[in-house]
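Structural features, examined
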Amino acid sequence: MSMFAKKRGKAKPEVSTASLPDIIFMLLFFFMVVTKLRDSELKVNVNTPSASELTKLEKKSLVNYIFIGTPTKKYQAIYGTSPRIQLGDKFAEAEEIPKFVEEHRLTVSEKERPAVISSLKVDGKTTMGIITDVKTQLRKANQLKVNYSTKPSVMK
Amino acid sequence: MPRSLRQAPEINAGSMADIAFLLLIFFLVTTTISEDKGVLVKLPPWSNEPPPELRLNERNVYSVLVNAQNQLLVRKTPMDISRLRDDAKDFIMNPTGRPDMAENPKKAIISLKNDRGTEYKTYIEVYNELKAAYNELREEEARKRHNKSFEFLTKDQQRAIRSSIPLVISEAEPTDLANE
């Protein structure tokens, strides 16, 4: 009984802020989990063109990314300045795309495999030659859903 | 010392929230929620045999050629890209019933051909304009039929409109006339 008597004797009770950090930490963890840090370093310059008729990529795990552009300054000494393909975190040739797509497919459950999308992040100044080669390889790999990654443009 | 006899001083947990806030704000600022958007296309399946020769009525084919200088040739006449959308819409719907334009939207086919030297930016622009033409036509059709915007229609209604104005863009193998 003395315990209660003691409490009553104190000043009016304050709202405990001890749980506030927990709430904030929860928010913090939420953001840390939701925002995906770019897992592969970009080795090519990619400045995607803009377009208005866009489709959003829903599930990130179902997307594989193919970057095409001129190598960044750091890699120009080795790879030159003509547009190159980057798969994952390394430079690649168009012929390696089917293997790359296949490897990504294995990480996806069988049920979701038809929904796999290839996202092409291509620099606007690239010529269509290399892109056509990539498209041919994607078709050979039976990866027919392709998303040309673009920036949203202001509606006309 | 009388002080040490008292209970050990508690660490003030009040500032913990501030630290967590700082971290939270750091993550909020640094991580950009990458808006992954783009133009979705469906490639045709690969086959080793050359595609069968299709005899199409020429009036139903809207051919768009893009050369290595990023110039457009639409149905054998040069055209500026800004006019492409309206021209394509006109062609697909053919409101005046001209004999050299599509019989009906279902039969209209867009044939897109570019050069290996065409810039990707131009290609996307052209593709975007053509897609926009179709989207605008579908939107108009939705307003006419249901007096609602296309995106607010039910799945079935959308499907009906989509099949009445199907988007058919056929891409030919690019020419190789210019240096890449």
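As a reminder, the structure under discussion sits directly above these lines.
A short tour of the structure in this document, coming up. These figures come from a predicted structure and were not determined experimentally. (Residues numbered from 1 in each chain as written. Chains lettered and ligands numbered in written order. Predicted model: local features only at pLDDT ≥ 70, side-chain atom pairs only at ≥ 80, totals over all residues. Heavy atoms only, no water.)

Some details on the nonpolar core
With 49 residues, the main nonpolar core has Ile66, Leu120, Leu138 and Tyr148 of chain A together with Tyr62, Val64 and Leu84 of chain B as its most contacted residues. At nine residues, helix α4 (residues 120-146) of chain B tops the list of elements feeding residues into this core. Residues contacting leucine 138 of chain A, with those up to four places away along its chain left out, are Ile66, Ile97, Val101, Ser118, Leu120, Gln143 and Val146 of chain A together with Leu43 of chain B. Of all hydrophobic cores here, the second largest spans eight residues; its members include Val44, Tyr65, Phe67 and Phe91 of chain A. (Core = buried A, V, L, I, M, F, W, Y, C linked by side-chain atoms within 4.5 Å. Buried < 20%, exposed > 50% of the residue type's maximum accessible area, 1.4 Å probe, protein only. Helix = DSSP H or I, 4+ residues; strand = E, 2+ residues; numbered from the N terminus. Contact = heavy atoms within 4.5 Å.)

Considering the environment of isoleucine 124 of chain B
With respect to the helices and strands, isoleucine 124 of chain B occurs in helix α4. As a C-alpha pair, isoleucine 124 of chain B and valine 39 of chain B span 85 residues in sequence and 8.2 Å in three-dimensional space. Setting aside its immediate chain neighbours within four residues, isoleucine 124 of chain B contacts Pro49, Ser50, Ala51, Tyr148 and Thr150 of chain A.

Some details on the pairing of strand β6 (residues 117-122) of chain A
All names here are of chain A. Burial within β6 is extensive, with six of its six residues counted as buried. By the alternation rule, side chains of β6 split into Ile117, Ser119 and Lys121 and Ser118, Leu120 and Val122, which are all buried. Bridge analysis of β6 against strand β7 (residues 145-149) gives three bridges, and the strand direction is parallel. Residue serine 118 lies in a different strand from β7, and its bridge partner there is valine 146. Traced from β6 through helix α5 (residues 128-140) to β7, the parallel crossover comes out right-handed. (Pairing = 2+ DSSP bridges. Right-handed = clockwise from strand over helix to strand, strands pointing away.)

Concerning the sheet that holds strand β6 (residues 169-171) of chain B
All names here are of chain B. Across the sheet, which stays open at both edges, the five strands sit in the order β4-β3-β2-β5-β6 with mixed pairing between neighbours. With partners counted over all chains shown, the strands left at the sheet margins are β4 (77-79) and β6, one partner each. Looking at each pair of strands side by side, their axes are set apart by 30° on average, direction ignored. When strand β5 (residues 109-114) meets β6, the two strands line up parallel, connected through three bridges. Within β6, the residue paired with serine 111 across the bridge is serine 170. (Axes fitted to C-alpha atoms, helices over the stretch in contact; angles between N-to-C directions.)

Read these as geometric descriptors, not functional statements.
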